[in-house]
Amino acid sequence: ETSQGYQLKKVQMHNVAVQALLVLAESGIVVSCAFDGKVVLWDPQVGRPDVHEVVTYEQPEEFRSLAYVELGRTVLVGCESGKIITFPLPRDSGAPGDGGGGGGGGFA
């Protein structure tokens, strides 16, 4: 056990510092957001040197926070402007109830 932590790998999904990060426990998919106006869903592929980008949503907003609503399979994103924007999980995200296959995108 370490008290200082350690780097598993370096991932560059945003052009600026990440503001919020969450892991979907059921699938291991990571969701991150930043002031660059991007919400990125990605598979960290622990144990491998690369990552797999599942989907990226972009808006002309500065994103600050994230929450996951399992019932609606939706990611809620808090914006610097005070708005809350919803993004659906793609069908093949590995989250519960996705059934696999198909692709998703756009805004709820």
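See above for the structure.
Below: a short report on this structure. All values derive from a computational prediction rather than experimental measurement.

**Looking at the overall build of the chain**
Alright, step 1. Tallying secondary structure elements over the chain gives 0 helices and 7 strands in all.
Alright, step 2. Listing the helices and strands of the chain from first to last along the sequence gives β-β-β-β-β-β-β.
Alright, step 3. Expressed as a percentage of its 108 residues, the buried residues of the chain come to 35%.
Alright, step 4. For the chain, the share of sequence-separated contacts (at least 6 apart) that also reach a separation of at least 24 residues comes to 36%.
Alright, step 5. Total accessible area computed for the chain in this model is approximately 6500 Å², and 49% of it derives from carbon and sulfur atoms.

**Quick notes on the pattern of salt bridges**
Alright, step 1. Taken as a whole and judged by the stated rule, the model has 2 salt bridges.
Alright, step 2. Glutamate 61 is the partner of lysine 83 in a salt bridge, and the nearest nitrogen-oxygen pair spans 2.9 Å. Here the residue lysine 83 occupies a position in the loop between strand E6 (74-79) and strand E7 (84-88), and glutamate 61 occupies one in the loop between strand E4 (52-58) and strand E5 (63-69), the gap between them amounting to 22 residues.
Alright, step 3. Residue lysine 83 is classed as partly exposed on the basis of its relative accessible area of 47%.
Alright, step 4. Here glutamate 80 and arginine 64 are joined by a salt bridge, their closest N and O atoms 2.9 Å apart. Here the residue glutamate 80 occupies a position in the loop between E6 and E7, and arginine 64 occupies one in strand E5, the gap between them amounting to 16 residues.
Alright, step 5. The partly exposed category is assigned to glutamate 80, whose relative accessible area is 43%.

**What about the sheet that holds strand E1 (residues 18-23)?**
The strands that make up a sheet pair up through hydrogen bonds in the backbone, lying either parallel or antiparallel.
Alright, step 1. Here we have 4 strands laid out as an open sheet, ordered E1-E2-E3-E4, and antiparallel in their pairing. What marks the edges here is a single partner per strand, and that holds for E1 and E4. Mean inter-strand twist for the sheet, computed between neighbouring axes without regard to direction, equals 15°.
Alright, step 2. Pairing of E1 with strand E2 (residues 30-34), which is carried by 5 bridges, proceeds in the antiparallel orientation. Residue pairing across strands places leucine 21 opposite serine 32, the latter belonging to E2.

**Considerations on the sheet that holds E6**
Alright, step 1. Here 3 strands make up an open sheet; going across it, the order is E5-E6-E7 and the pairing antiparallel. Where the open sheet ends on each side, the last strands, each with one partner, are E5 and E7. With direction set aside, neighbouring strand axes in the sheet form an average angle of 25°.
Alright, step 2. Taken together, the 5 bridges between E6 and E7 define a ladder with antiparallel strand orientation. Within E7, the residue paired with threonine 74 across the bridge is proline 88.

Each value, and the rule that gives it
- Every chain begins its residue count from 1, and numbering advances along the sequence as written.
- The predicted nature of this model means local features are confined to residues of pLDDT at least 70 and side-chain atom pairs, given and counted, to a pLDDT of 80 or more, with totals for whole chains, interfaces and linings taken over all residues.
- As a rule here, side-chain values cover all heavy atoms of the structure and leave hydrogens and water aside.
- Helix and strand definitions here come from DSSP, where helices need a minimum of 4 consecutive H or I residues and strands a minimum of 2 consecutive E residues; each element is numbered from the N-terminal end.
- Relative accessibility decides the category of a residue: with a 1.4 Å probe and only protein chains considered, values under 20% of the type maximum give buried, values over 50% give exposed, and everything between is partly exposed.
- Residue contacts follow a heavy-atom distance rule, with two residues in contact if any of their heavy atoms lie within 4.5 Å.
- Calculation of accessible area relied on Shrake-Rupley with a 1.4 Å probe; when residues are assessed, cover is drawn exclusively from the protein chains displayed.
- For salt bridges, the criterion is a side-chain nitrogen of Lys or Arg within 4 Å of an Asp or Glu carboxyl oxygen.
- Strands are treated as partners if at least two bridges between them are detected by DSSP.
- All axes here are fitted lines through C-alpha atoms, helices being fitted over the stretch that makes contact, and every angle between N-to-C directions spans 0 to 180 degrees.

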